[in-house]
Amino acid sequence: MYPEVLVPGPVRRPRRRLTQPREQVLAAAMATIAEAGLERLTMAGLGREVGMSSGHILYYFGTKDELLLQTLQWSEEQLGARRRAALAQRVPVRERLDALVQLYLPEGRRDPRWTLWLEVWNRSQNADDGARERQLDLELAWHRDLVALLAEGASKGELRTVDADRFATRTRALLDGFGTHLVVGLPGLDREQVLRHVAEFLDEALAPAGAPNVP
């Protein structure tokens, strides 16, 4: 039912030499979260991993909150490249919507990207306006791609015409709710079930007039 798409693969330990020390630290931070969990991510541990002092890392990031936010931005940049590749495929819009959904949702319990996302959002209760704007930019990247797909599908007659901005906002809220359940690991709901729920919602809401019912 779901197309083969580019999905986030396992997070790999960075090579010792990247283009700049900042990128090296961000890659190591993401790898630590994937392998050991967010609770094991410390400035001292990162310093040992990349061959820097904790003071040197603080020179680049200032605070752990800033380190986490920049790591999330870096992670989203990597995923954004995969998303753009998936959405550029020459397949029907409805299939590309499935691709976006698959990339958006966590792989399962303790998914490192979602674990980091939830932590940054929790810490943002005390963040300044600048940090909040950077978080919003991450959300809007997904939102714009979803709006563009909805508009394209409607223009081609592949999808029902809807208010793309409002529909995208509601769809992301649906995905955030399901994604939170998946990353926490609540019993009774797995990724395949969530994908079916979302696919049924999209089919019911976006099937063009006269289209046969999807079983």
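In this text the structure is predicted, and so the values were computed from the model without any measurement.

## Let's talk about the packing of helix H1 (residues 21-36) against helix H2 (residues 43-50)
No. 1: It is the contact of H1 with H2, at a shortest axis distance of 10 Å, that shows an interaxial angle of 115°. Pair H1 / H2 crosses with right-handed handedness. Seen from H1, the contacting residues are Gln24, Val25, Ala28, Ala29 and Thr32; seen from H2, they are Leu46, Glu49 and Val50.
No. 2: Broken down by class, the residue content of the contact of H1 with H2 amounts to five nonpolar, two polar and one charged.

## Looking at the environment of Gly80
No. 1: Assignment of secondary structure puts Gly80 in helix H4 (residues 64-87).
No. 2: Separated by 58 residues in sequence, Gly80 and Leu138 place their C-alpha atoms 9.7 Å apart.

## Details of the nonpolar core
No. 1: Of all hydrophobic cores here, the largest spans 30 residues; its most connected members are Leu97, Val101, Leu105, Leu150, Val198 and Leu206.
No. 2: Looking at this core, the elements that each hand over two or more residues are H4, helix H5 (93-104), helix H7 (129-155), helix H8 (164-184) and helix H9 (191-206).
No. 3: Every residue in contact with Leu206, bar those within four places of it in the chain, is listed here: Leu97, Leu150, Glu158, Leu159, Arg160, Val162 and Phe167.

## Details of H7
No. 1: Its 27 residues place the ends of H7 37 Å apart at the C-alpha level, agreeing with the 39 Å of an ideal helix rising 1.5 Å per residue.
No. 2: Of all the bends found along H7, the most pronounced is centred on Glu139 and spans about 25°.
No. 3: For H7, the complete set of buried residues consists of Ala131, Gln135, Leu138, Glu139, Trp142, His143, Leu146, Leu149, Leu150 and Gly153.
No. 4: Where H7 is buried, its residues contact H4, H5, helix H6 (112-123), H8 and H9.
No. 5: A side-chain oxygen of the first residue of H7 lies 3.2 Å from the backbone nitrogen of Gly130; this N-cap is Asp128.
No. 6: Immediately downstream of H7, the backbone of Gly157 shows phi near 75°, a positive value.

## Side note on a negative patch on the surface
No. 1: A cluster of like negative charges, contributed by Asp128, Asp129, Glu133 and Asp137, occupies part of the molecular surface.
No. 2: Note that Asp128 resides in the loop between H6 and H7.

## A word on the packing of H6 against H8
No. 1: The N-to-C vectors of H6 and H8 enclose an angle of 110°; their axes lie 10 Å apart at closest approach. In terms of orientation, H6 lies roughly perpendicular with respect to H8. Viewed along their axes, H6 and H8 form a crossing whose handedness is left-handed. Facing H6, whose interface residues are Trp114, Thr115 and Leu118, H8 presents Leu175, Asp176, Gly179, Thr180 and Val183.
No. 2: Partitioned by chemical class, the residues of the contact of H6 with H8 number four nonpolar, three polar and one charged.

## Side note on the environment of Val147
No. 1: One can find Val147 in helix H7.
No. 2: Sequence-wise, Val147 and Phe167 are 20 residues apart; in three dimensions their C-alpha atoms are separated by 8.1 Å.
No. 3: Each residue touching Val147, except ones within four places of it in the same chain, is listed here: Ala164, Asp165 and Ala168.

## Re unusual backbone geometry
Most peptide bonds are trans, and most residues other than glycine sit at a negative phi.
No. 1: Unusually for a residue other than glycine, Arg110 sits at a positive phi of about 65°.
No. 2: Locating Arg110 in the fold gives a position in the loop between H5 and H6.
No. 3: What makes Arg110 partly exposed here is its relative accessible area of 42%.

## Observations concerning a nonpolar patch on the surface
No. 1: A cluster of nonpolar side chains, Leu118, Val184 and Leu186, forms an exposed patch at the surface whose accessible area comes to about 220 Å².
No. 2: Relative to the helices and strands, Leu186 is located in the loop between H8 and H9.
No. 3: Of the residues examined, Leu186 reaches a relative accessible area of 39% and is grouped as partly exposed.

About the criteria used
Residues numbered from 1 in each chain as written. Predicted model: local features only at pLDDT ≥ 70, side-chain atom pairs only at ≥ 80, totals over all residues. Heavy atoms only, no water. Axes fitted to C-alpha atoms, helices over the stretch in contact; angles between N-to-C directions. Helix = DSSP H or I, 4+ residues; strand = E, 2+ residues; numbered from the N terminus. Left-handed = near helix turned anticlockwise from the far one by under 90°. Contact = heavy atoms within 4.5 Å. Nonpolar A, V, L, I, M, F, W, Y, C, P; charged D, E, K, R; others polar. Core = buried A, V, L, I, M, F, W, Y, C linked by side-chain atoms within 4.5 Å. Buried < 20%, exposed > 50% of the residue type's maximum accessible area, 1.4 Å probe, protein only. Expected span 1.5 Å × (residues − 1). Bend = angle between axes of the 7 residues up to and from the residue. Polar contact = N/O pair within 3.5 Å; in protein donor to acceptor, adjacent residues only side chain to side chain. Patch = residues over 30% accessible without salt bridge, like charges linked within 9 Å, V, L, I, M, F, W, Y side chains within 5 Å. Areas by Shrake-Rupley, 256 points an atom, 1.4 Å probe, with all protein chains shown as cover. Salt bridge = Lys/Arg side-chain N within 4 Å of Asp/Glu carboxyl O. Lys, Arg positive; Asp, Glu negative; His and termini not counted. Charge placed at Lys NZ, Arg CZ, Asp CG, Glu CD. Parallel < 35°, antiparallel > 145°, perpendicular 65-115°, else oblique.

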